[in-house]
Amino acid sequence: MHLEQIIKEEVEKAIHACLGLEDQEVTLQPTRREFEGYYTFVTFPLSKTLKKAPAEIAGLLGEYLSANSPYISSYNVVQGFLNLSPRDGVWIDVLKNAWSDAEFGGRRSGDRRPGGRKVLIEFSSPNTNKPLHLGHLRNNFLGDSVSRILSANGDEVVKACLVNDRGIHICKSMLAYKELGKGETPESSGLKGDHFAGKYYVEFDKVYKQQIADLTAAGQTPEEAAKNAPWIVEAQKMLVDWENGDPATVALWKQMNQWVYQGFDETYRQIGISFDKTYYESDTYLLGKDLVEEGLSKGVFYKKEDGSVWIDLTDEGLDQKLVLRANGTSVYITQDIGTTELKYREYGAGQMIWVVGNEQDYHFEVLFAILKRLGRSYADGCYHLSYGMVDLPSGKMKSREGTVVDADELIAQMEHTAETRTKELGKIEDFEDDEAKRLYRMLALGALKYFLLKVDPKKRMLFNPEESIDFQGNTGPFVQYTHARIRSVVRKAAQNGVEGKLPDADYELKPAERDVIHLLSQYPDRVADAARAYSPSLISIYAYDLAKTYNQFYAGLSIFSDPDPRAVSLRVALSECVARTIAHAFALLGIEVPERM
RNA sequence: GCGCCCGUAGUUCAAUGGAUAGAAUUAUGGUUUCCGGUACCAUCGAUAGGGGUUCGAAUCCCUUCGGGCGCACCA
């Protein structure tokens, strides 16, 4: 039962019957609120071929449909817009369908749709020299949610994380720790491991800046000073030592990273995010060189006199790009070529997605172009899920300047807000401490995830710590609240011995009931749309709409005191159905919903 | 300099080329003894400027202005 599809076909039949046009591709749009009806067919495009006025066409079709279609009860015409209203019996069938389907809107995880794809999605990909901040959260929530959405849509999904665990930035923290740490550990300092490493990264920067200042004062240019400062020289030496496998350096590196991973694990657990596969750059950074060889022999790449290897992409509007240095070492994009090949060999996924910020748009354009030229079959299935940065009112977040919003701190703050609000509401006085804490976490993450996911991923967004994370209006807790409220209704129904039940087709619905059913009917399409667009924001918007529409229904009609027992049963069933759909939609966002709050 | 992205109520976000551009927030006023008021209802308020394409443009094209990002033998 796919109502919109049915209505489309009815309109097609009508076009054939009264206008003589065959195989007319019909698209419907939702009727605007201010007009009567639910589905609108626009007749302007037909006007030219038929040489009839749009309103006349709409009138003919409407007349035909209301007389002949078992699905349409009424119509109205405004200019070239034909607004159609389905019969109540049709709405009730729609609700029946949703109510009897435990997986309404999506598939259970692992239930692959016929023709469903295998998708490998890489996200999170942290650096091991600093804790996660707000920007990482957007990345994590996006990757996690898209995974869930694709999975519900019947794709097989592999979640991968590529940890950036090597390079000059890690050496910086290592050096600062070696010089200033005096044997301090996360335990002894009471810091979470990732914050501990981050502290030394900041220490490095302080000392480094001072050294630059000193050298500049001694007469060097700022550029020279930046190159010659003792600590940067030392850090670079450390990187070389690491690459040569120097035992002491490697041991320190392992120790620092281990601390960081302990910290990350805790944060990941807290925000409910996990991976099927973790790659480490220390394992993959040398990959890709064999593909450079392959590219050279295929004539895709070329070598300059100094021995460096390049690809010329100027005929595609891109530039010439270095893929191997003159000294034979690889660059960032070489690694990516190699890692992509590795992923494909390991998982054979026809679709590979990278959740990476939009400052790397160009990089991925180049990467995909290279893969294509190398003749990789998977090149066309590569997709850069590019998302915008999260800005603060003060501007861009910069970790070196300390203007980042720390993820752990933010979550703790949100939990505190959740606790305050919940206590004000006073509905959970009988909760055990554990239970209450779980609820606060659920609400905190609900607010945060919803906030970061409700905006179109591609767009840059603003985060105002004071105002942005609210619990009223278009927020996660608002939707969670609606769910809890409905569950309360359902519990009361059970107590009163009222069962949710759908009436026969002759029942006349109230407009508020129709509106809710109408929205419910759209859910499976919304999930499919969100999967197609890789956009959790479509799900957020839907969940909010549904909650809001339900609240209007709830405010306008009494559930239990209606004299008609059929109305009571219907409204209980409808409520339960909305609660399930809200829970399902929020699960796709990685957000849990409470029974009570 | 070259390339890519973005300018929508005071603010934060919506709107497969369709109707009188929707929400949230802010402000003000209101909600029938009843099911959970983190709710519901009402009022105020916006497509950066200028051209063009189209029956129809916030959306597509050109242009001006304003903002962001990218153009490393960094990652």
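Computed from a prediction, not measured in an experiment: that's the story for all the values here.

## Things to note about a negative patch on the surface
A surface patch of negative charge is lined by Glu432, Asp433, Asp434 and Glu435. Its place among the elements puts Asp434 in helix H17 (residues 433-453). A relative accessible area of 60% means that Asp434 is categorised as exposed.

## Section: the sheet that holds strand S13 (residues 390-392)
Strands belonging to one sheet form pairs held by backbone hydrogen bonds; the direction of such a pair is parallel or antiparallel. Read across the open sheet, the three strands follow the order S14-S13-S15; overall the sheet is mixed. Looking at the sheet topology across the chains shown, the edges are occupied by strand S14 (395-396) and strand S15 (461-462). Across two bridges, the pairing between S13 and S15 is parallel. Bridging from a neighbouring strand, Val390 pairs with Met461 of S15.

## Digging into helix H18 (residues 476-495)
Residues lying three or four places apart along an α-helix face the same way, a consequence of the helix completing one turn every 3.6 residues. Between its first and last C-alpha atoms H18 spans 29 Å; for 20 residues at 1.5 Å apiece the expected length is 28 Å, and the two agree. Those residues of H18 that fall on the buried side of the exposure criterion are Gly476, Pro477, Phe478, Val479, Gln480, Thr482, His483, Ala484, Ile486, Val489, Val490 and Ala493. In this structure, the buried side of H18 is in contact with H17, helix H20 (536-556) and helix H21 (565-588). Looking at the residues trailing H18, positive phi occurs at Gly497, about 70°.

## Topic: the domain arrangement of chain A
A common way to report how large an interface is uses the accessible area buried once the components associate. For chain A, the assigned domains are domain 1 (3-86), domain 2 (118-396) and domain 3 (414-588). For domain 1 versus domain 3, the distance between C-alpha centres works out to 33 Å.

## Examining the pattern of salt bridges
If you walk through the whole model with that rule in mind, you get 38 salt bridges. Here Arg32 ties to Glu34 by a salt bridge, and the two come within 3.5 Å at their closest N and O atoms. By relative accessible area, which is 58% here, Arg32 ends up exposed. On the accessibility criterion, Glu34 (55% relative accessible area) is exposed. The residue Lys199 makes a salt bridge to Glu184 at a minimum N-O spacing of 3.1 Å. With a gap of 15 residues between them, Lys199 in helix H8 (residues 193-217) and Glu184 in the loop between helix H6 (168-180) and helix H7 (186-189) connect regions that are remote in the sequence. You can call Lys199 partly exposed: its relative accessible area is 30%.

## Let's talk about the nonpolar core
In this structure, Val11, Phe41, Leu134, Leu137 and Leu520 are the most contacted members of the largest nonpolar core, which totals 151 residues. Apart from the residues lying within four places of it in its own chain, the contact partners of Val11 are Val26, Leu28, Phe41, Leu65 and Leu84.

## Here's the deal with the protein's contact with RNA strand B
The environment of RNA strand B is formed by 61 residues, the closest being Asp306, Arg325, Leu425, Arg460 and Leu462. In RNA strand B, the atoms that sit within 4 Å of the protein are 62% sugar and phosphate, with bases accounting for the remainder. Contact between RNA strand B and Tyr332: a phosphate oxygen at 3.3 Å from a main-chain N or O atom of the residue. Here a base oxygen of RNA strand B and a backbone polar atom of Phe560 are 3.4 Å apart. Within the residue set of the surface near RNA strand B, elements represented by two or more residues are strand S2 (39-42), helix H2 (44-50), strand S4 (81-86), helix H16 (407-425), S15, H18 and H20. Of the residues that constitute the surface near RNA strand B, the class distribution is 26 nonpolar, 15 polar and 20 charged.

## What to know about unusual backbone geometry
Here Ser124, not a glycine, exhibits a phi torsion of approximately 75°, which is positive. With respect to the helices and strands, Ser124 occurs in the loop between strand S5 (118-122) and helix H5 (134-152). The exposure class assigned to Ser124 is buried, which follows from its relative accessible area of 4%. Positioned with a positive phi, Tyr534 is a non-glycine residue whose angle comes to about 50°. One can find Tyr534 in the loop between helix H19 (511-533) and H20. Residue Tyr534 is classed as buried on the basis of its relative accessible area, which comes to 10%.

## Side note on helix H10 (residues 230-243)
Here H10 is 14 residues long and its end C-alpha atoms lie 20 Å apart, about the 20 Å a rise of 1.5 Å per residue gives. Of all the positions in H10, only Trp231, Ile232, Ala235, Met238, Leu239 and Trp242 are classed as buried. Angular distribution of buried residues about the axis of H10 spans 110°; they occupy a single face of the element. Here the buried face of H10 lies against H6, H8, helix H9 (222-228), helix H11 (247-271) and helix H12 (281-284). Among the residues trailing H10, Gly245 stands out with phi positive, at a value near 80°.

## Observations regarding the environment of Lys437
When you line up the elements, Lys437 lands in helix H17. Taking the C-alpha atoms as reference points, Lys437 and Leu324, separated by 113 residues in sequence, lie 53 Å from one another.

## Considering the environment of Val527
The topology assignment puts Val527 in helix H19. Residue class for Val527 comes out buried when judged on its relative accessible area of 1%. Once the C-alpha coordinates of Val527 and Leu538 are considered, the two residues, eleven residues apart in sequence, prove to be 8.1 Å apart. Beyond its immediate chain neighbours, meaning those up to four positions away, Val527 contacts Gly105, Ile149, Ala152, Ile539 and Leu588.

## Considering the side chain of Ser147
Relative to the elements of secondary structure, Ser147 occurs in helix H5. For Ser147, a relative accessible area of 5% puts it in the buried group.

## Some points on the packing of aromatic side chains
Summed over all chains, the structure comprises 27 aromatic pairs. A centroid spacing of 5.2 Å and a plane angle of 85° characterise the contact between Tyr177 and Tyr200, whose relative ring orientation is edge-to-face. Taken together, the residues Tyr177 in helix H6 and Tyr200 in helix H8 connect sequence positions 23 residues apart. Tyr177 gets classed as buried once you look at its relative accessible area, which sits at 11%. Accessibility expressed as a relative area gives 3% for Tyr200, which makes it buried. An aromatic cluster is built from Phe123, Phe264, Tyr268 and Phe275, whose rings are joined through pairwise contacts.

So, how was this worked out
Residues numbered from 1 in each chain as written. Chains lettered and ligands numbered in written order. Predicted model: local features only at pLDDT ≥ 70, side-chain atom pairs only at ≥ 80, totals over all residues. Heavy atoms only, no water. Patch = residues over 30% accessible without salt bridge, like charges linked within 9 Å, V, L, I, M, F, W, Y side chains within 5 Å. Areas by Shrake-Rupley, 256 points an atom, 1.4 Å probe, with all protein chains shown as cover. Salt bridge = Lys/Arg side-chain N within 4 Å of Asp/Glu carboxyl O. Lys, Arg positive; Asp, Glu negative; His and termini not counted. Charge placed at Lys NZ, Arg CZ, Asp CG, Glu CD. Helix = DSSP H or I, 4+ residues; strand = E, 2+ residues; numbered from the N terminus. Buried < 20%, exposed > 50% of the residue type's maximum accessible area, 1.4 Å probe, protein only. Pairing = 2+ DSSP bridges. Expected span 1.5 Å × (residues − 1). Contact = heavy atoms within 4.5 Å. Domains from an automatic or database assignment. Core = buried A, V, L, I, M, F, W, Y, C linked by side-chain atoms within 4.5 Å. Near = heavy atom within 4 Å. Polar contact = N/O pair within 3.5 Å; in protein donor to acceptor, adjacent residues only side chain to side chain. Nonpolar A, V, L, I, M, F, W, Y, C, P; charged D, E, K, R; others polar. Arc of directions from axis to C-beta. Phe/Tyr/Trp six-rings, centres within 6.5 Å; stacked < 30°, edge-to-face > 60°.

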